[in-house]
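Architecture at a glance
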Amino acid sequence: MIYAGFLVAGGSVPYRDFFDMNMPGTYFVMAAMGRVLGWGDFGFRAFDLLCLASISVCTFLCMRRFGALAALIGSVAFPLWYLNGGPSLSMQREYIALVPFTGMLAVTTAGTRFTPHLRIFVAGALAGMSSLVKPQFLLLALPLLPLLLHTTTTTTSPSVSPRRRIAAFVGGLSIPLGAMFTYLLCTGSLRPFVDMTVNYWPLYSGMTGDHTPIAGLSRFLY
């Protein structure tokens, strides 16, 4: 993934100029990391720890409504588990997608510190950013919709209809997804991207972690 980001930073277009199975957001994150922090061990580690700090802070903000102790333990437990995992966990796609995803959780539970429209709009945008790294994160965001659609009326946060809340979430979601579509269309990489998703993703999902083909009930159980 880092090498693909290196290619993008040098002007290459994913799917059109080289084949890879990741979403466009992954390449641009890696390209930005290399351009800002450098293409070496120090830059990689600095980026890794910056992501970890962001996830930890957002976790604390999200959980502090359960009490300071729960928020502190939650924000420390994941970094300890992640660092203990070593290179096999470092800077995986799921980990990178957790940065905007935990930001979405923090914004969603921010209460009256943001206006309802702004809170839901930003949550949608962050959900879209997560899905540009790992599409499954869009599905993981769906359980938050009941919380976003819940209407409350206070002196500082007036009630907003569910229809407007949905519109705000979809509006925020459409910004990163629309930007991706526009990029793919303008660079001539939309067709190879669709070809990759239609023909390669099903093949990839039909393999185990050690790249052994699996089908039928065994695949479902796996």
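Residues numbered from 1 in each chain as written. Predicted model: local features only at pLDDT ≥ 70, side-chain atom pairs only at ≥ 80, totals over all residues. Heavy atoms only, no water.

Topic: the side chain of Asp48
- Mapped onto the secondary structure, Asp48 falls in helix 3 (residues 41–63).
- Excluding residues that lie within four positions of it along the chain, Asp48 makes contacts with Tyr82, Ser90, Met91 and Tyr95. (Helix = DSSP H or I, 4+ residues; strand = E, 2+ residues; numbered from the N terminus. Contact = heavy atoms within 4.5 Å.)

Overview of the packing of aromatic side chains
- Within this structure, the stated rule accounts for 13 aromatic pairs.
- Aromatic side chains Phe78 and Trp81 sit 5.8 Å apart centroid to centroid with 35° between the ring planes, which places their arrangement in the tilted category. One end of the pair, Phe78, and the other, Trp81, are both in helix 4 (residues 68–85), three residues apart, so they sit about a helical turn from each other.
- Its relative accessible area of 51% is what places Trp81 among the exposed residues.
- Ring geometry for Tyr82 versus Tyr95: centroids 4.1 Å apart, planes at 10°, classification stacked. One end of the pair, Tyr82, is in helix 4; the other, Tyr95, is in helix 5 (residues 93–108), and 13 residues separate them in sequence.
- Judged by its relative accessible area of 3%, Tyr82 is buried.
- Connected via pairs of aromatic rings, a cluster forms that spans Tyr15, Phe18, Tyr27, Phe193 and Trp201. (Phe/Tyr/Trp six-rings, centres within 6.5 Å; stacked < 30°, edge-to-face > 60°. Buried < 20%, exposed > 50% of the residue type's maximum accessible area, 1.4 Å probe, protein only.)

Section: the pattern of salt bridges
- With the rule as written, the count across this model stands at three salt bridges.
- Here Asp48 and Arg45 are joined by a salt bridge, their closest N and O atoms 2.8 Å apart. Of the two residues, Asp48 and Arg45 both sit in helix 3, three residues apart, roughly one turn of that helix.
- For Asp48, a relative accessible area of 1% corresponds to the buried category. (Salt bridge = Lys/Arg side-chain N within 4 Å of Asp/Glu carboxyl O.)

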